[in-house]
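# Observations on the three-dimensional arrangement
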Amino acid sequence: MQTFTWSGKTERTRIYSFIFFGLGLKSLRFIPYLWYNGLHIGRVCAGGVCQLRACFFGEMGLLVQKKRIFLVFITLLCPVFALAQADTRLWDTGSAIEPSALFYAGIYDLRVIDPNLTGAGVKIASVCRSETYVEGQPQDDYFWNLIHPCFSKSKIRFIDHINNAGLSQHATAIGSILTGRDNMGFHPEVGDFRYEGVAPNASVDVYEFWRFVCKYASGAKKLDADVLTMSVGVIFEDWWTRGIERMAEEDGIVVVAGIGNGDEVCDPAYYPAVGANVIGVGIVDCVKDKNAGLSLREFSLPSKIHSSYGPTPDGRCGPDIVAPGKFLVAGVDSDEGYEITGNWSSFATPVVAGTVGLLVQEAKADEELAGAVARDGGNCVMKAILLNSATKLPYWHKGEMSKDDDHNFSLDFVQGAGVVNSVGAFDQLIAGRQEPGEADQIGWDNNELEKNLDAVKVYRIAVDEPEDKFIVSTLVWNRHYEDKYPFSGKYDKDGDLRLEVWAVDDENPDKSYMIDHSDSVNDNIEHIYSACDPNFSVYEIIISSNQNEASMDFGEFERYGLAWDVREEDSKGSVFWYDLSGDGIVGVEDIDILFEKMKAEKDVEKDRYLGDINMDGAIDVADMVMMVNRMVIREQRVP
């Protein structure tokens, strides 16, 4: 196919002419602004219009004839683009509370709803790696800097009782995010602040990683904890990662682990984070800004560069959920100083673990919520609640980039189910347990599916004003493992469940139809996020055994946790559909990035899916038009 380019001299001359015309109408203070941005955007958009030659004009001769008309049209808009290229900031940049990333996760909003939700009565096991190992033996430099005032009121025990052990910045940072509390914090780039971690009143038992593996993952000793958090992982599944998954299944412990820090540090998706019975946590990138306060509080999208991703070699999704990973934390070399961390999954993990701790606290205090912390299936319920309430960010999509979701994958390979939403998870929990049959628009269940492969569980919900509403549903069950080394999987006992959502018309059953389904081959999670049909007000959430595995014997029953909700679209109107540079502003740089992505071949870039604004499976001129419209309209940021 033939192509042609405009003369650079001609292009510049015409754009300059219009810019100077615009300057005659505007104040002189816009001269530098319009000179650069008008020229730059005009050049980029003009190139994009050329790519439409075959679609709009057919033959090359006709394109040449129309070229000038479109050039005039594009240049007429240049000053408008230039004036509209800078958006206002979304969040108030000042805050007297740190770590301010917990605003984004909803922790402080949850504290406003119920000030008593501080983790009281909850026991968290924190597994921390030593900083150094000699011939495989830990040197026990994994201790938190307990001299720091943020730990002065914390309930912390070091289980191994090692004398003269060294301190760890990594472990101290995790501890301060989880349980830190200090009314007189200060950092030169942030100023004065009050510090309050996710679950400051929780009791925390700290374990050295390898000693924990030998005693607890091996089954030699039973772990006494409600939540287990670990920012440690390995590339391949191992006996101890399976041992931890066995603990989760048998003891009902919620296990939370970091998935890894992405391509920049060559981290694949780590085990146990991508294990079957664990909640794997990825990272949502902070907004790029030289201002430390902004980068600690504003967050954009997950990136494969910084957050490890799926699918795994055996076809499992990962992560399960993402959370902010950049924080102000207690320093290890100072009695009272604070430091700014990198944006790492190690620090996103305690945000999710602490959120689970708050949910556990609430469930323990209310007998009607006891099923969410039950030994049998409680960890499945908590995982379902956490994932179902997670907020979908722009570009969320199950499976590979394409027009439609892939029903064989349960989660997005980078976002998982979305970013942690503590308030949403709390609302999901307190909605209460509901049995199959008539159910509310939001709820959860801890139940079991009989061995009979014809058996189904049906939850029937009525949706008020279904237009512009989405049904979200998450099904979780455990994989099964031998109870002794090397803790091999009981594959013949593993269930393979299926999740469906149907629109139902009782008066005319022939009109009823399945609007979505999730049937992953490898995962023990099924997840649906699908728009309601405005013509239907009754829906059914159906759980069944996968008929493709009709010959599989998975025991007398399969215990599962289910959560569902009806809500408005999560990412509608979000600025991060357009902010491809991650700097918090929609501007010239984003058009540049989108134009480069249009020219790039498929899969050349790791985050190539960013830029497919209309989610049609391709990055093309249609996306450029949406980007340009966004800049012209100059919409304000929305959460």
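This text gives an overview of the structure that appears in the document.

Criteria and cut-off values
- Residues numbered from 1 in each chain as written.
- Predicted model: local features only at pLDDT ≥ 70, side-chain atom pairs only at ≥ 80, totals over all residues.
- Heavy atoms only, no water.
- Helix = DSSP H or I, 4+ residues; strand = E, 2+ residues; numbered from the N terminus.
- Buried < 20%, exposed > 50% of the residue type's maximum accessible area, 1.4 Å probe, protein only.
- Contact = heavy atoms within 4.5 Å.
- Areas by Shrake-Rupley, 256 points an atom, 1.4 Å probe, with all protein chains shown as cover.
- Patch = residues over 30% accessible without salt bridge, like charges linked within 9 Å, V, L, I, M, F, W, Y side chains within 5 Å.
- Salt bridge = Lys/Arg side-chain N within 4 Å of Asp/Glu carboxyl O.
- Lys, Arg positive; Asp, Glu negative; His and termini not counted.
- Charge placed at Lys NZ, Arg CZ, Asp CG, Glu CD.
- Phe/Tyr/Trp six-rings, centres within 6.5 Å; stacked < 30°, edge-to-face > 60°.
- Lys NZ or Arg CZ within 6 Å of the ring centre and 35° of its normal.
- Axes fitted to C-alpha atoms, helices over the stretch in contact; angles between N-to-C directions.
- Parallel < 35°, antiparallel > 145°, perpendicular 65-115°, else oblique.
- Left-handed = near helix turned anticlockwise from the far one by under 90°.
- Nonpolar A, V, L, I, M, F, W, Y, C, P; charged D, E, K, R; others polar.
- Pairing = 2+ DSSP bridges.
- Core = buried A, V, L, I, M, F, W, Y, C linked by side-chain atoms within 4.5 Å.
- Polar contact = N/O pair within 3.5 Å; in protein donor to acceptor, adjacent residues only side chain to side chain.

## A word on the overall build of the protein chain
- Counting its regular elements, the protein chain contains 15 helices and 23 strands.
- Per-residue burial for the protein chain yields a buried fraction of 59% across its 639 residues.
- Long-range pairs, those at least 24 residues apart, make up 74% of the contacts in the protein chain between residues at least 6 apart in sequence.
- Accessible area of the protein chain: about 26400 Å², with a carbon and sulfur share of 51%.

## Observations concerning a negative patch on the surface
- On the surface, E467, D468, E568 and E569 cluster together into a negatively charged patch.
- Inspection of the secondary structure puts D468 in the loop between β17 (456–462) and β18 (469–477).

## Quick word on the packing of aromatic side chains
- Taken as a whole, this structure holds 24 aromatic pairs when the rule is applied.
- Both rings, one in F209 and one in W210, keep their centres 6.1 Å apart while their planes meet at 55 degrees; by these two values the pair is tilted.
- Looking at W210, the relative accessible area reads 30%, which means it is partly exposed.
- In this structure an aromatic cluster arises from ring pairing among Y142, F143, W144, F151 and F158.
- A cation over an aromatic ring shows up here: R297 above the ring of F103, its NZ or CZ 4.4 Å from the ring centre.
- The ring of Y529 carries the charged tip of K392 above its face, separated from the ring centre by 4.8 Å.

## Focus on the packing of helix α11 (residues 345–364) against helix α13 (residues 422–430)
- Running from N to C, α11 and α13 point in directions that differ by 25 degrees, and their axes come no closer than 10 Å. Between α11 and α13, the crossing angle belongs to the class labelled roughly parallel. In this structure, α11 crosses over α13, and the sense of that crossing is right-handed. Where α11 approaches α13, its residues T355, L359, E362 and A363 are matched on the opposing element by S422, A425, F426, L429 and I430.
- Split by residue class, the contact of α11 with α13 holds six nonpolar, two polar and one charged.

## Points about the sheet that holds strand β22 (residues 538–545)
- Overall, mixed pairing links the five strands, which are arranged β15-β17-β22-β19-β20 in an open sheet. Both edges of this open sheet fall to β15 (437–439) and β20 (513–518), since each of them pairs with a single strand only. Across the sheet, the axes of successive neighbouring strands diverge by a mean angle of 25 degrees, strand direction being ignored.
- Relative to β22, strand β19 (residues 497–504) runs antiparallel, the two sharing eight bridges.

## Concerning the packing of helix α8 (residues 209–217) against helix α9 (residues 239–251)
- In contact at an axis separation of 10 Å, α8 and α9 are set at 60 degrees when each is read in the N-to-C sense. Of the possible angle classes, the one that applies to α8 and α9 is oblique. Regarding α8 and α9, the two cross each other, and that crossing is left-handed. Residue-level contacts link F209, F212, V213, Y216 and A217 of α8 to W239, W240, G243, I244, R246 and M247 of α9.

## Side note on the nonpolar core
- Among the nonpolar cores identified, the biggest contains 108 residues, and W144, V352, L386 and M627 are the most heavily contacted of them.
- Take this core: its biggest share by element is 10 residues, from α11.
- Dropping the residues within four chain positions of it, V352 is found in contact with V256, I279, V281, I321, A323, L386 and V420.
- Core analysis: the second largest hydrophobic core is formed by 29 residues, Y216, L228, M247 and F487 among them.

## A short note on the environment of Y395
- Positionally, Y395 belongs in the loop between α12 (378–389) and α13.
- Measuring from C-alpha to C-alpha, the distance between Y395 and F576 comes to 9.0 Å, with 181 residues separating the pair along the chain.
- Once residues lying within four places of it in the same chain are set aside, the contact partners of Y395 are L301, D412, Q415, F576, W577, L580, Y609, L610, G611, D612, I613 and M615.
- A distance of 3.2 Å separates a polar side-chain atom of Y395 from the backbone nitrogen of G611.

## Overview of the side chain of S518
- If you trace the backbone, S518 turns up in strand β20.
- Within polar-contact distance, the side chain of S518 engages the side chain of E526 at 2.5 Å.
- A polar side-chain atom of S518 sits 3.2 Å from the main-chain amide nitrogen of H527.
- Apart from residues no more than four positions distant in its own chain, S518 is found in contact with K398, H407, S410, R498, L499, E526, H527 and I528.

## Comments concerning the sheet that holds strand β2 (residues 123–128)
- Read from one edge to the other, the open sheet built from seven strands follows the order β5-β8-β2-β9-β10-β11-β12, with strand pairing classed as parallel. The open sheet has two free edges, formed respectively by β5 (155–158) and β12 (321–324), since each of these has just one partner strand. The mean inter-strand angle of the sheet, taken between neighbouring strand axes irrespective of direction, is 25 degrees.
- With respect to the sheet, α11 is in contact with β9 (227–230), β10 (254–258), β11 (279–284) and β12, its orientation differing from that of β9 by roughly 175 degrees.

## As for the pattern of salt bridges
- By the definition in use, this model includes 25 salt bridges.
- With a shortest N-O distance of 3.9 Å, D160 and K215 are connected by a salt bridge. Here the residue D160 occupies a position in the loop between β5 and α7 (169–179), and K215 occupies one in helix α8, the gap between them amounting to 55 residues.
- With a relative accessible area of 14%, D160 lands in the buried category.

## Some points on the environment of L178
- Structurally, L178 is set in helix α7.
- For L178 and V352, which are 174 residues apart along the polypeptide, the C-alpha to C-alpha distance reads 9.5 Å.
- Excluding residues within four positions of it along the chain, L178 makes contact with I124, G197, V198, A199, P200, V204, T229, P350 and G354.

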